[in-house]
Amino acid sequence: QPPGPAAPAAPSAPSAPVAPSALAPGRRLRVHTDLPQLAASLCGRRFELVPRPDADVVWCGEHVRDFAPYEEEGAPCVNQLPQESCLTSKDLLHALLDAGPAPPSPWLPEAYSLPQQLPELLQDLQRRAAAAAPPARYILKPWSSSRCRGHTVTAALATLLGCAANAPHGPRLACRYVDRPLLVGGRKAVLRLHLAVASLSPPVAYASASGWYMRVSRAPFAGASDSDAEAHLTRGRYAGADEAVLPAAEAVRLLEEEHASLRGRWGEVWRRISGVLGRLVALLASRAAEGSRLARGGGRAAYGVDLLLAEGPGW
């Protein structure tokens with residue numbers, strides 16, 4: 001179902017939406033892809049794998065660096081958007097959401113881009129110390145494509161300073177750690193959602209209310225040390241470990257069984273999740289070239305979104 005409404009102003013002179021070339025009866029959709037898994041799945045009679053120049057749809061894993069050919073009329077549709085780094089780079093996503101014209105999102109945690117915002121982080125730590133507040137924990141992650149490498153959970157100043165200066169993993173985002181996530185069987189759980197963007201002018205996007213799944217950490221959360229990756233991270237396959245994955249229906253059942261605040265209210269939770277996804281689509285649309293062919297559907301992208309549920313007021 002579509003995420004919550006997220007529409008910027010419509011173009012002053014609307015242009016026709018872009019779709020893959022109109023197919024004559026019986027003609028297959030011609031697809032070019034460099035992804036073996038996708039190629040293997042397109043085995044039905046509706047699809048034909050072809051070289052890039054002959055394609056109706058180009059779905060590639062490599063980053064498109066020149067989008068100009070896809071702006072030409074008659075060009076194939078492509079599975080990427082020129083401005084999508086505002087979603088895929090953690091530092092840019094946080095900075096744009098934090099600086100946007102809309103009120104700050106209650107679900108957006110405090111975060112600092114390191115090393116650039118190290119002085120601001122240090123000032124916050126000093127304010128907390130002066131107020132005798134408990135030390136805040138942060139989870140530090142490389143800006144993008146980290147695959148769980150370089151992740152650190154800490155409240156120690158020396159570790160934060162060391163991470164800010166640690167070049168092997170590049171710049172990182174220091175994000176306030178969620179100390180009270182909703183647990184499943186005493187373990188941390190993350191929802192893996194799929195967001196499909198069909199157009200940005202006007203914004204049209206879809207998120208399956210039943211096609212998502214939940215990843216569960218391999219170790220109990222309570223009492224885990226900051227260095228226990230198996231308690232704090234739910235991704236295991238990059239380290240060659242098995243992942244505990246639950247389909248949506250089973251995940252909802254367990255969440256409602258274990259958390260009285262959610263019992264019988266998953267529809268409400270999903271509406272709030274849709275609102276979060278709608279905000280992301282609005283951000284993407286706000287940076288699109290208004291009325292361009294790619295914004296009108298020439299670029300159609302699918303994104304994986306990891307979402308963590310946490311205890312807090314308002315449930």
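Here's what I pulled together on the structure shown here.

Calculation criteria
Residues numbered from 1 in each chain as written. Predicted model: local features only at pLDDT ≥ 70, side-chain atom pairs only at ≥ 80, totals over all residues. Heavy atoms only, no water. Helix = DSSP H or I, 4+ residues; strand = E, 2+ residues; numbered from the N terminus. Buried < 20%, exposed > 50% of the residue type's maximum accessible area, 1.4 Å probe, protein only. Contact = heavy atoms within 4.5 Å. Pairing = 2+ DSSP bridges. Core = buried A, V, L, I, M, F, W, Y, C linked by side-chain atoms within 4.5 Å. Axes fitted to C-alpha atoms, helices over the stretch in contact; angles between N-to-C directions. Polar contact = N/O pair within 3.5 Å; in protein donor to acceptor, adjacent residues only side chain to side chain. Arc of directions from axis to C-beta. Salt bridge = Lys/Arg side-chain N within 4 Å of Asp/Glu carboxyl O.

## Details of the overall build of the protein
What the protein contains, in helices and strands, is ten helices and 14 strands. Scored against the burial criterion, the 315 residues of the protein give a buried share of 41%. Put simply, of all contacts in the protein between residues at least 6 apart along the chain, 66% involve residues at least 24 apart.

## Brief notes about the sheet that holds strand 2 (residues 47-49)
Reading across the sheet, the four strands line up as 2-1-3-4 and stay open at both edges, with parallel pairing between neighbours. Looking at the sheet topology across the chains shown, the edges are occupied by strand 2 and strand 4 (77-78). When strand 1 (residues 29-33) meets strand 2, the two strands line up parallel, connected through three bridges. Each bridged residue has a counterpart across the sheet, and for Arg 30 the counterpart in strand 2 is Glu 48.

## Focus: the nonpolar core
As a rule of thumb, soluble globular proteins bury nonpolar side chains together. If you look at the biggest cluster of nonpolar residues, it comprises 42 residues, and the most contacted ones within it are Leu 191, Leu 193, Trp 212, Met 214, Trp 266 and Ile 273. Elements with a contribution of two residues or more to this core: helix 3 (85-88), strand 10 (187-200), strand 11 (203-207), strand 12 (213-216), helix 8 (248-258), helix 9 (266-286) and strand 14 (301-307). Considering each element in turn, this core owes the most residues, ten residues, to helix 9. Sequence-distant contacts of Leu 191, defined by excluding residues within four places in its chain, comprise Trp 212, Tyr 213, Met 214, Trp 266, Ile 273, Val 305, Asp 306, Leu 307 and Leu 309. Grouped together as the second largest cluster of nonpolar side chains are twelve residues, Leu 114, Ala 136, Leu 140 and Cys 163 included.

## As for the sheet that holds strand 6 (residues 138-142)
Pairing is antiparallel in the open sheet, where four strands are placed in the order 5-8-6-7. The open sheet has two free edges, formed respectively by strand 5 (111-114) and strand 7 (152-154), since each of these has just one partner strand. Along the sheet, successive strands turn relative to each other by an average axial angle of 20 degrees, direction set aside. Taken together, the four bridges between strand 5 and strand 8 (residues 172-176) define a ladder with antiparallel strand orientation. Residue pairing across strands places Ala 111 opposite Cys 175, the latter belonging to strand 8.

## Some details on the side chain of His 232
Looking at the secondary structure, you find His 232 in helix 7 (residues 229-232). A distance of 2.9 Å separates the side chain of His 232 from the backbone oxygen of Ser 225, its partner in a polar contact. With residues near it in sequence (within four places) discarded, His 232 still touches Arg 137, Val 153, Tyr 177, Lys 188, Phe 221, Ala 224, Ser 225 and Asp 226.

## Remarks on the environment of Pro 202
Inspection of the secondary structure puts Pro 202 in the loop between strand 10 and strand 11. Sequence separation between Pro 202 and Ala 285 is 83 residues; the distance between their C-alpha atoms is 8.1 Å.

## Re helix 4 (residues 90-99)
Of the positions making up helix 4, those classed as buried are Asp 91, His 94 and Leu 97. The arc that holds the buried residues of helix 4, viewed along the axis, is 145 degrees, so those residues lie on one side. Close packing links the buried residues of helix 4 with strand 5, strand 8 and helix 9.

## A word on the pattern of salt bridges
Applying the stated rule across the entire model yields 14 salt bridges. Among the ionic pairs, Arg 30 bridges to Asp 56, the shortest N-O distance being 3.2 Å. Separated by 26 residues along the polypeptide, Arg 30 in strand 1 and Asp 56 in the loop between strand 2 and strand 3 (57-59) bring together distant segments of the chain. Residue Asp 56 is classed as buried on the basis of its relative accessible area of 1%. Close ionic contact of Arg 192 with Asp 306 constitutes a salt bridge, the shortest N to O distance being 2.9 Å. Pair noted here: Arg 192 is in strand 10 and Asp 306 is in strand 14, with a separation of 114 residues, a long-range link. Overall, Asp 306 belongs to the partly exposed group, its relative accessible area being 39%.

No statement about biological role is implied by the geometric values presented.
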